[in-house]
Amino acid sequence: SRAPLAEVRSWPEGIRRRYRSLGLWTTETFAGFIEDRTARFADRLAAVGTDSLGAQHHWTYAELARRARGAAVRFQEIGVAPGDRVVVALPNVVEYLEAVLGLFRLGALPVFALPTHREAELTQFCTLADAAAIVVARDPGDADQTALLHTVADRVAAHGVLPPLVVDVSDWSRGPGSVSPAGLPLPAHDAEDVAFLQVSGGTTGVPKLIPRTHADYLYSVRESARICGLDTSTVQLVVLPAAHNFAMSSPGILGVLHAGGTVVLARDPSPRTAFRLIEAEGVTHTALVPPLAQAWVSAARRRAPDLGSLGVVQVGGARLADSVAPQLEEVLGVRLQQVFGMAEGLVNYTRADDPVHLVHTTQGRPISAEDEIRVVDADDRDVADGEEGALLTRGPYTIRGYYRDPRADADCFTADGYYRTGDRVRRLPSGHLVVTGRDKDQINRAGEKVAVDELESVAVAHADVLDAVAVGVPDDYLGERIVLVVRTEPGRPRPANLLDHLRASGLATFKIPDEVVHLDELPVTAVGKNSRRDLRRLLSAHLAADR
Ligand code: J2J
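Since we're looking at a predicted model, the values are computed, not measured.

### Some thoughts on the site of the ligand
Piece 1. Neighbouring the ligand are 23 residues; Asn-245, Phe-246, Gly-316, Gly-341 and Ala-343 lie closest to it.
Piece 2. When contributions to the shell around the ligand are tallied by element, the ones reaching two or more residues are α9 (245–249), β13 (335–342), β18 (419–427) and β19 (433–438).
Piece 3. Looking at the shell around the ligand residue by residue, the class counts come to eight nonpolar, 11 polar and four charged.

Okay, here's the thing in structure tokens:
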């Protein structure tokens, strides 16, 4: 059987008392949240989308509750127990909602992988979380997926961990669909317990897991829904991966369910699919990363779709160019809301009543008056408002430590509990933050985060690669494009199959370089010492100047 959840570094007791007494943290758990909202909004439309077999669904809140309890029973029947961790790796199909709400209803802890994660990441999550099961939508025609799941099982076992059961949600949709959920008890959780594990974009070799509690997360969900003005008339189109923190909680799927609105899942992120759904379902809100926002603007210029119902488009996950902001509002006929958030916690929003220049040029201000923000220099000394520095934060929904990763904790948190976001910002007197850059060794490719040293270490495992440096090169569409600079033996043939090697290693598809550049020598930095970070800066400046 599975190990219990490991200890996580938590807020000091005095601070916990403060968050409770201010009413920020309540006693509501996810299971209670689901029971309460689905009963309160029973006859309203909760979810629209397709299942993994391609059938269309419109579910009321009552139907969603029935499905969640059904899924909880199915998990229980195969041996998943309250407290167990279960990796969810699903695309935007309706079974995603069934599975996740089912796990919460049972009291199991979802681990939110992305559908683009592959052997490397899934193995890491299953091993680190000691996952009882992994939930996928199996495509019987996809031999790769079968092989992938076998590889994950083998690699997990090689780490001395019991491999996860594979749960295929398309079986649920294929079957008669009648599970009797009568008498399923509510799990005996405390709201301040960990409710799930979110995935970190990662700056180190392996992606980290982020432990979020019922109380901290539901606080951010309620406040996000309020700030964004969600109510029962909200129809939110989910274009980004449903399991991403942005799509889940800013205000995302959970914010909509909290407010009694409707979630519409887009199976693919193309403007064509999105525009069709906006018209058909009367979508009022959606959330995009900057490249998608640009793609929508171009597509809307060509096609003049009817987006009359759409009121707000949120953009976040990566920096939106100041020049795109006004175009987006004009061409789509919507109000822009910028969102700067992170799965570790802190989320910033521009507000509906902010002056337009702040909406167009800043990434918003924090959710909570209890969010503590510091902008500091290299010695952790506060800089003046308006000056650029590194962003540190702590607060009622920002973690104090990662899951089972003391080294990352030492690197990423100050002694007094601030999270080092790795982002560089300027804070305006209004409290709004402008993201100006980043200190962390990460590439932000179209909102998807790639840890450079993970990619580099896989590249140097190739027999013909002496050294490799991954850099993010500015790109008009992606924000940053991944360029892998590879040093090979002078006079030896260049490894032609390097991209195949990277793919075969089982890295997520979005981490595969857009371009490989071969060099016989890597440049030496001005000070002569080869700090990899300096080297990356130097190469990225060179490569950007080449264009
Ligand atoms: C610049 N950089 C941004 C922005 C995130 C809401 C929205 C986004 C995320 C997210 C999220 C940015 N401008 N508007 O979890 O709830 C970069 C920063 C940040 C990192 C976090 C949410 N919005 N970023 O993107 O955990 O570098 O969360 O630290 O994936 O994305 O990435 P992630």
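Let's pick the thread back up.
### A short note on the pairing of strand β2 (residues 56–60)
Piece 1. Where strand β1 (residues 45–50) and β2 come together, five bridges link them in antiparallel fashion. Across the sheet, the residue bridging to Ala-47 is Trp-59, located in β2.

### What to know about the nonpolar core
Across soluble globular proteins, nonpolar side chains have a tendency to be buried as a group.
Piece 1. Within the largest apolar cluster, 142 residues are counted, with the highest numbers of intra-cluster contacts made by Val-86, Val-87, Val-88, Val-111, Ala-113, Val-135 and Val-238.
Piece 2. Sorting elements by how many residues they give to this core places helix α4 (residues 94–106) first, with nine residues.
Piece 3. Apart from the residues lying within four places of it in its own chain, the contact partners of Val-86 are Val-80, Leu-103, Ala-108, Pro-110, Val-111, Ala-131, Ala-132, Ala-133 and Val-135.
Piece 4. With 23 residues, the next largest nonpolar core counts Ile-443, Val-473, Leu-484 and Val-485 among its residues.

### Observations concerning the environment of Pro-493
Piece 1. The topology assignment puts Pro-493 in the loop between β23 (479–487) and α17 (498–504).
Piece 2. What makes Pro-493 exposed here is the crowd of 8 C-beta atoms within 10 Å.
Piece 3. Measuring from C-alpha to C-alpha, the distance between Pro-493 and Thr-232 comes to 63 Å, with 261 residues separating the pair along the chain.

### Quick notes on the domain arrangement of the protein
Many descriptions give the size of an interface as the accessible area lost when the pieces come together.
Piece 1. The domain boundaries assigned to the protein delineate domain 1 (30–41 + 55–189) and domain 2 (442–545).
Piece 2. Between the C-alpha centres of domain 1 and domain 2 there is a distance of 35 Å.
Piece 3. Domain 1 puts seven residues into the contact, and the matching count from domain 2 is six residues.
Piece 4. The biggest single contributor to the side of domain 1 that touches domain 2 is helix α5 (residues 119–129), with three residues.
Piece 5. Per-class residue counts for the side of domain 1 that touches domain 2 are one nonpolar, three polar and three charged.

### Concerning the confidence of the model for the protein
Piece 1. A residue-level look at the protein finds 97% of positions with pLDDT of 70 or above and a mean pLDDT of 94.
Piece 2. Overall fold confidence (pTM) sits at 0.96, and the ipTM for the predicted complex is 1.00.

### Here's the deal with the packing of helix α3 (residues 61–77) against α4
Piece 1. In the contact formed by α3 and α4, the axes pass within 7 Å of each other and the chain directions differ by 70 degrees. One way to sum up the angle between α3 and α4 is to call them roughly perpendicular. Every pair of crossing elements has a handedness; the one defined by α3 and α4 is right-handed. Two secondary-structure elements touch here, α3 through Leu-64, Arg-67, Ala-68, Arg-69, Ala-71, Ala-72, Phe-75 and Gln-76 and α4 through Leu-97, Glu-98, Ala-99, Leu-101, Gly-102, Leu-103, Arg-105 and Leu-106.

### Things to note about the environment of Asp-476
Piece 1. Its place among the elements puts Asp-476 in the loop between β22 (467–475) and β23.
Piece 2. Here Asp-476 falls in the exposed class, since 9 other C-beta atoms lie within 10 Å of it.
Piece 3. Residues Asp-476 and Gln-294 lie 182 residues apart in sequence; the distance between their C-alpha atoms is 9.8 Å.

Parameters at a glance
Residues numbered from 1 in each chain as written. Predicted model: local features only at pLDDT ≥ 70, side-chain atom pairs only at ≥ 80, totals over all residues. Near = placed C-beta within 6 Å. Helix = DSSP H or I, 4+ residues; strand = E, 2+ residues; numbered from the N terminus. Nonpolar A, V, L, I, M, F, W, Y, C, P; charged D, E, K, R; others polar. Pairing = 2+ DSSP bridges. Core = buried A, V, L, I, M, F, W, Y, C linked by C-beta atoms within 7 Å. Buried ≥ 20, exposed ≤ 12 C-beta atoms within 10 Å, placed from the backbone. Contact = placed C-beta atoms within 7 Å. Domains from an automatic or database assignment. pLDDT = per-residue confidence, 0-100. Axes fitted to C-alpha atoms, helices over the stretch in contact; angles between N-to-C directions. Parallel < 35°, antiparallel > 145°, perpendicular 65-115°, else oblique. Left-handed = near helix turned anticlockwise from the far one by under 90°.

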